[in-house]
Amino acid sequence: MSSALTDLFPHPIVQAPMAGGVSVPQLAAAVSEAGGLGFLAAGYKTADGMYQEIKQLRGLTGRPFGVNLFMPHPEYAEPAAVGVYAHQLAGEAAWYETELGDPDSGRDDGYDAKLAVLLDNPVPVVSFHFGVPGRDVLDALRRAGTLTLVTATTADEARAVEQAGADAVIVQGVEAGGHQGTHRDVAENDGSGIGLLSLLAQVREAVRLPLVAAGGIMRGSQIAAVLAAGASAAQLGTAFVATHESGAHAVHKQALTNPLFTRTALTRAFSGRPARGLVNRFVREHGPYAPAAYPDLHHLTAPLRKAAARAGDAQGMALWAGQGHRMARELPAGQLVEVLAAELAAARTALSGGGTA
């Protein structure tokens with residue numbers, strides 16, 4: 001396996017790029033400074049907004065970092081289904097005293113413009129979610145000196161990542177918080193996600209690329225487990241949501257360990273794509289009826305989510321969280337990296353017979 005990726009950061013700890021305001025420059029800088037790999041999320045931002053955050057991050061750290069892009073969604077969503085869902089949400093709009101968003105607000109997330117920025121101003125690492133870029137894109141980034149990672153949720157998707165020429169695969173288990181990075185959003189596949197350890201074994205036998213394991217990882221002992229299973233590093237998202245530098249809403253941070261929220265579920269309620277979050281009123285009432293219509297539903301529900309956040313109403317917010325959310329620790333992000341690294345070292349010692357973790 002190539003060490004080009006892991007040579008960039010001393011600890012095999014990657015901070016997941018969490019779109020929607022969580023992965024702010026301060027968080028990414030703190031993680032990178034502590035020896036992990038910090039990430040910015042370009043999703044839902046303009047190309048200039050992404051560029052400004054990259055500039056800000058570079059002013060905070062000289063260490064390597066990554067930027068994540070969402071692949072465009074050319075698939076056509078059935079307008080009638082979106083209209084029916086909008087009618088169902090009318091009561092939510094009235095309750096929060098806001099209008100629903102325009103579902104036709106764009107499908108490509110400014111992908112081409114963001115790529116142009118990243119080719120003109122290269123960053124150390126770029127990752128992709130929701131699909132595989134063309135070989136021309138990956139080759140262009142490689143010529144610019146950028147390492148590329150692509151999320152896969154099945155062994156077949158991992159093969160497609162390898163064939164396209166990416167440098168590494170992010171192996172995302174069904175335990176992961178936020179959006180599943182499936183390459184094709186097929187409603188018939190809902191509920192068929194694979195657990196991380198099983199998926200790692202399948203992908204390890206399918207491709208030769210380095211693997212970054214993602215999904216429900218909250219402790220250093222879990223990082224040791226995925227490294228033993230063949231990963232080169234672990235990607236953690238929910239673990240960093242509660243950190244001091246995270247841009248997550250205070251209500252979101254508190255909800256991770258609030259006994260009121262007993263479980264997570266994959267839901268299309270907020271965006272039209274399967275995403276794992278804490279089960280609240282909105283998920284229970286609307287999840288069963290949400291069509292497979294991303295990003296239409298993301299645009300449609302955006303004003304509702306913002307209004308709920310302004311009101312501090314956890315029952316109307318998208319509280320993205322992985323299955324390990326109850327293990328979240330409210331620490332500075334750099335300290336969390338250090339704690340995880342110490343836990344990893346202890347677990348490795350125990351595995352080698354040198355003591356107990």
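Before any of the text, the structure's been laid out above.
**Details of the overall build of the chain**
Part 1 of the argument: Counting its regular elements, the chain contains 14 helices and 11 strands.
Part 2 of the argument: Its C-alpha atoms give the chain a radius of gyration of 19 Å, within 12% of the compact-globule value 21 Å for 357 residues.
Part 3 of the argument: Its C-alpha atoms give the chain principal-axis dimensions of about 60 × 45 × 40 Å.
Part 4 of the argument: The buried share of the chain, taken over its 357 residues, is 58%.
Part 5 of the argument: Here the contacts in the chain between residues at least 6 apart in sequence split such that 69% fall between residues at least 24 apart.
Part 6 of the argument: As displayed, the chain has an accessible area near 14,400 Å², and 52% of this comes from carbon and sulfur atoms.
Part 7 of the argument: Here the chain carries 27 positive and 33 negative side-chain charges, and the mean point of each set is 5 Å from the other.

**With respect to the packing of helix H2 (residues 47-60) against helix H5 (residues 111-120)**
Part 1 of the argument: Where H2 contacts H5, the axes come no closer than 8 Å and their chain directions differ by 30°. On the basis of their axis angle, the class for H2 and H5 is roughly parallel. For H2 against H5, the interelement crossing comes out right-handed. Seen from H2, the contacting residues are Ala47, Met50, Tyr51 and Ile54; seen from H5, they are Ala113, Lys114, Val117 and Leu118.
Part 2 of the argument: Of the residues assigned to the contact of H2 with H5, the class counts are seven nonpolar, no polar and one charged.

**Here's the deal with the sheet that holds strand S5 (residues 147-152)**
Part 1 of the argument: Across the sheet, which stays open at both edges, the eight strands sit in the order S1-S9-S8-S6-S5-S4-S3-S2 with parallel pairing between neighbours. Strand pairing shows two members of the sheet lacking a second neighbour, strand S1 (13-15) and strand S2 (38-41), which therefore form its edges. On average, each strand axis in the sheet is tilted by 25° relative to the strand beside it, whichever way the strands run.
Part 2 of the argument: Both strand S6 (residues 168-172) and strand S8 (residues 211-214) contribute to a ladder of four bridges, which runs parallel. Along S8, the bridge assignment pairs Val171 with Ala213.
Part 3 of the argument: Seen against the sheet, helix H7 (residues 155-164) touches S5 and S6 and runs at an angle of roughly 160° to S5.
Part 4 of the argument: Strands in contact with helix H8 (residues 196-206) are S5, S6 and S8; relative to S8, the strand with the most contacts, it is inclined by about 165°.

**Considering the pattern of salt bridges**
Part 1 of the argument: By the definition in use, this model includes 11 salt bridges.
Part 2 of the argument: Across the salt bridge formed by Asp185 and Arg268, the nearest N and O atoms sit 2.9 Å from each other. Taken together, the residues Asp185 in the loop between strand S7 (178-179) and H8 and Arg268 in the loop between strand S10 (264-267) and strand S11 (275-278) connect sequence positions 83 residues apart.
Part 3 of the argument: Residue classification places Asp185 among the partly exposed positions, given a relative accessible area of 23%.
Part 4 of the argument: Across the salt bridge formed by Glu285 and Arg281, the nearest N and O atoms sit 3.1 Å from each other. Here Glu285 and its partner Arg281 are both found in helix H12 (residues 281-286), four residues apart, which amounts to about one turn of the helix.

**Observations concerning the pairing of S11**
Part 1 of the argument: As paired elements, S7 and S11 share two bridges and run antiparallel to each other. Its bridge partner lying in S11, Gly178 is registered against Arg276.
Part 2 of the argument: With four bridges connecting them, S10 and S11 associate as antiparallel partners. By the bridge assignment, Ala265 is partnered in S11 with Gly277.

**Focus on unusual backbone geometry**
Part 1 of the argument: In the segment running from Tyr294 into Pro295, the intervening peptide bond is cis, with an omega of 5°.
Part 2 of the argument: Residue placement: Pro295 occurs in the loop between H12 and helix H13 (296-311).
Part 3 of the argument: Positive phi, normally seen in glycine, also occurs at Glu97, with a value near 55°.
Part 4 of the argument: Within the element layout of this structure, Glu97 appears in the loop between helix H4 (90-96) and H5.

**What to know about the side chain of Arg268**
Part 1 of the argument: Classification of Arg268 as buried rests on a relative accessible area of 6%.
Part 2 of the argument: There is a polar contact of 2.8 Å between the side chain of Arg268 and the backbone oxygen of Gly272.
Part 3 of the argument: Every residue in contact with Arg268, bar those within four places of it in the chain, is listed here: Asp185, Val186, Ala187, Asp190, Arg273, Pro274, Ala290, Pro291, Ala292 and Leu297.

**Points about the packing of H7 against H8**
Part 1 of the argument: The interhelical angle for the contact between H7 and H8, taken along N-to-C directions, is 40°, at an axis separation of 9 Å. The orientation of H7 relative to H8 falls into the category oblique. Two packed elements cross with a definite hand, and for H7 against H8 that hand is right-handed. Here Ala155, Ala158, Arg159 and Glu162 of H7 lie close against H8, whose contacting residues are Leu199, Gln202, Val203 and Ala206.
Part 2 of the argument: When its residues are assigned to classes, the contact of H7 with H8 shows five nonpolar, one polar and two charged.

How each quantity is defined
- Residues numbered from 1 in each chain as written.
- Predicted model: local features only at pLDDT ≥ 70, side-chain atom pairs only at ≥ 80, totals over all residues.
- Heavy atoms only, no water.
- Helix = DSSP H or I, 4+ residues; strand = E, 2+ residues; numbered from the N terminus.
- Rg over C-alpha atoms; globule rule 2.2 N^0.38 Å.
- Buried < 20%, exposed > 50% of the residue type's maximum accessible area, 1.4 Å probe, protein only.
- Contact = heavy atoms within 4.5 Å.
- Areas by Shrake-Rupley, 256 points an atom, 1.4 Å probe, with all protein chains shown as cover.
- Lys, Arg positive; Asp, Glu negative; His and termini not counted.
- Charge placed at Lys NZ, Arg CZ, Asp CG, Glu CD.
- Axes fitted to C-alpha atoms, helices over the stretch in contact; angles between N-to-C directions.
- Parallel < 35°, antiparallel > 145°, perpendicular 65-115°, else oblique.
- Left-handed = near helix turned anticlockwise from the far one by under 90°.
- Nonpolar A, V, L, I, M, F, W, Y, C, P; charged D, E, K, R; others polar.
- Pairing = 2+ DSSP bridges.
- Salt bridge = Lys/Arg side-chain N within 4 Å of Asp/Glu carboxyl O.
- Polar contact = N/O pair within 3.5 Å; in protein donor to acceptor, adjacent residues only side chain to side chain.

Fair warning: the whole summary comes from geometry, so function is off the table for now.
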